[in-house]
Amino acid sequence: MRYSVSHITTLKYAQAVSMAQFNVRLKPAPWNGQVVSDYKLTLDPSPSQVVEGQGGYHVNEARFALREVTSQVQIESRFTVEVEPLPFFVEDAAGPGLAELRERAMKKPDLSDLAPASYIFASPIAQPQHEIARWAGSLLNEAMPVMEAGRALMSAIHGEFTFDADATETDTPPIEAFNRRHGVCQDFSHIMIIAARAHGIPAAYVSGYLRTLPPPGQERLVGADAMHAWVNLWCGEELGWVGFDPTNDKLADTDHIFLGMGRDYSDVAPLDGRFRGAGTQAMYASVDVAPLD
């Protein structure tokens, strides 16, 4: 599948600000089965310099500062991407059992941004939670193959939790969404990450997009009108990282477009920064993922 992706973010300030600094993470990082072309980042007002590089984990980051007085900033990201189907063997794969997987991950001599060791332990948002660990323990066992464990967690979240855009905010702790059994893709992904890590499964937060309109005869995926999030689980050397989407109860495939991967949302947030001024800030985002085939 080939897509044209457009993401426009507008920031409006109640009072003009004299200085603003931004970190933008909207350029897709390299990912197997995905080829990106024609990437363009447009900024208005235009800064004097944009510094691009890799973020702390597997994510691209552009940094810039505005030093003139402004009351509105617009950030536009556009690119074309081709997404290949999952390899035929992944759907039916099992992977190692959880006890073996944990041992492999801990012994793997690799500390790169895609190494499983980076995604085993607690992170700023995905902190250990006894309630989530106990809930996951009722679904998993040490001998269970990792792919089966991933599907069990994904399906349980999809079945027990209600997608509700009004239930949480960006900074709502995962345990609150877990207790309410309501939330959005960000909440569901953090809950699944905490559950997986509690049982030794390396788990990462993925930021990306969903196809906006479904193919004929298929239902529209939940979360397709904005940025989306899902979970990558490290399933051993043979399978590597596999995407599990608990919001839609399906493996990440040609409907999913990968942007970046980190320990949790804080590593891959599409935009963050700071400004100098006394007023408040409002943010508006528009996302469109249009098939080209």
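Before any of the text, the structure's been laid out above.
The rules behind these values
- Residues numbered from 1 in each chain as written.
- Predicted model: local features only at pLDDT ≥ 70, side-chain atom pairs only at ≥ 80, totals over all residues.
- Heavy atoms only, no water.
- Helix = DSSP H or I, 4+ residues; strand = E, 2+ residues; numbered from the N terminus.
- Rg over C-alpha atoms; globule rule 2.2 N^0.38 Å.
- Buried < 20%, exposed > 50% of the residue type's maximum accessible area, 1.4 Å probe, protein only.
- Areas by Shrake-Rupley, 256 points an atom, 1.4 Å probe, with all protein chains shown as cover.
- Core = buried A, V, L, I, M, F, W, Y, C linked by side-chain atoms within 4.5 Å.
- Contact = heavy atoms within 4.5 Å.
- Pairing = 2+ DSSP bridges.
- Axes fitted to C-alpha atoms, helices over the stretch in contact; angles between N-to-C directions.
- Parallel < 35°, antiparallel > 145°, perpendicular 65-115°, else oblique.
- Left-handed = near helix turned anticlockwise from the far one by under 90°.
- Nonpolar A, V, L, I, M, F, W, Y, C, P; charged D, E, K, R; others polar.
- Phe/Tyr/Trp six-rings, centres within 6.5 Å; stacked < 30°, edge-to-face > 60°.
- Arc of directions from axis to C-beta.

Draft legend 1. Quick peek at the overall build of the chain. When helices and strands are tallied, the chain shows 6 helices and 15 strands. Over its C-alpha atoms the chain spans a radius of gyration of 19 Å, differing by no more than 12% from the 19 Å that the globule rule assigns to 293 residues. With the C-alpha coordinates of the chain rotated into their principal frame, the extents come out at 60 × 45 × 40 Å. Residues classed as buried in the chain amount to 50% of the 293 residues present. Looking at the chain as shown, the accessible area adds up to about 13,600 Å², and 49% of this sits on carbon and sulfur atoms.

Draft legend 2. How the structure looks around the nonpolar core. Counting residues in each nonpolar core, the largest one holds 56 residues, and the members touching the most others are Trp135, Leu233 and Phe244. It is helix H5 (residues 185–198) that provides the largest number of residues to this core, a total of 8 residues. Excluding residues that lie within four positions of it along the chain, Trp135 makes contacts with Leu153, Ala156, Ile157, Glu160, Phe161, Phe178, Arg181 and Ala195. Residues Tyr13, Val17, Ile75 and Val289 belong to the second largest nonpolar core, which totals 25 residues.

Draft legend 3. Region of the structure containing the sheet that holds strand S5 (residues 60–66). Here we have 4 strands laid out as an open sheet, ordered S4-S5-S2-S14, and antiparallel in their pairing. In the strand order of this sheet, the two ends are held by strand S4 (50–54) and strand S14 (271–276), each with one partner. Here the average twist between neighbouring strands, direction ignored, is 15°. Bridging between S4 and S5 involves 5 bridges; their strand directions are antiparallel. Across the sheet, Gly53 pairs through a bridge with Glu61, a residue of S5.

Draft legend 4. Expanded view of the packing of helix H3 (residues 146–160) against H5. Contact geometry of H3 with H5 gives a least axis separation of 10 Å together with a crossing angle of 140°. Classified by the angle between their axes, H3 and H5 sit oblique to one another. In this structure, H3 meets H5 at a crossing whose hand is right-handed. The residues of H5 that touch H3, namely those facing Gly150, Leu153, Met154 and Ile157, are Phe188, Ile191, Met192, Ala195 and Ala196. For the contact of H3 with H5, the class distribution of residues is 8 nonpolar, 1 polar and no charged.

Draft legend 5. Quick look at the packing of aromatic side chains. Across all of its chains, the model carries 14 aromatic pairs by this definition. Summarising the aromatic geometry, the rings of Phe22 and Phe64 are spaced 5.1 Å apart at their centres and angled 25° between planes, so their arrangement reads as stacked. With a gap of 42 residues between them, Phe22 in strand S2 (residues 19–24) and Phe64 in strand S5 connect regions that are remote in the sequence. Like Phe22, the residue Phe64 is buried in the burial classification.

Draft legend 6. Structural context of unusual backbone geometry. The omega torsion across Asp44 and Pro45 is 5°, close enough to zero to call that bond cis. One non-glycine residue, Arg181, adopts positive backbone phi at about 60°. Looking at Arg181, the relative accessible area reads 25%, which means it is partly exposed. Phi is positive for Asp249, which is not a glycine, with a value near 55°. Inspection of the secondary structure puts Asp249 in the loop between strand S11 (241–245) and strand S12 (250–251).

Draft legend 7. Quick peek at helix H2 (residues 130–137). Among all positions in H2, only Ile132, Trp135 and Ala136 are buried. Buried residues of H2, viewed axially, fall in a sector of 95°; they line one side. Exposed residues lying more than 90 degrees from the buried face of H2 are His130 and Arg134. The inward-facing, buried residues of H2 abut H3, helix H4 (174–180) and H5.

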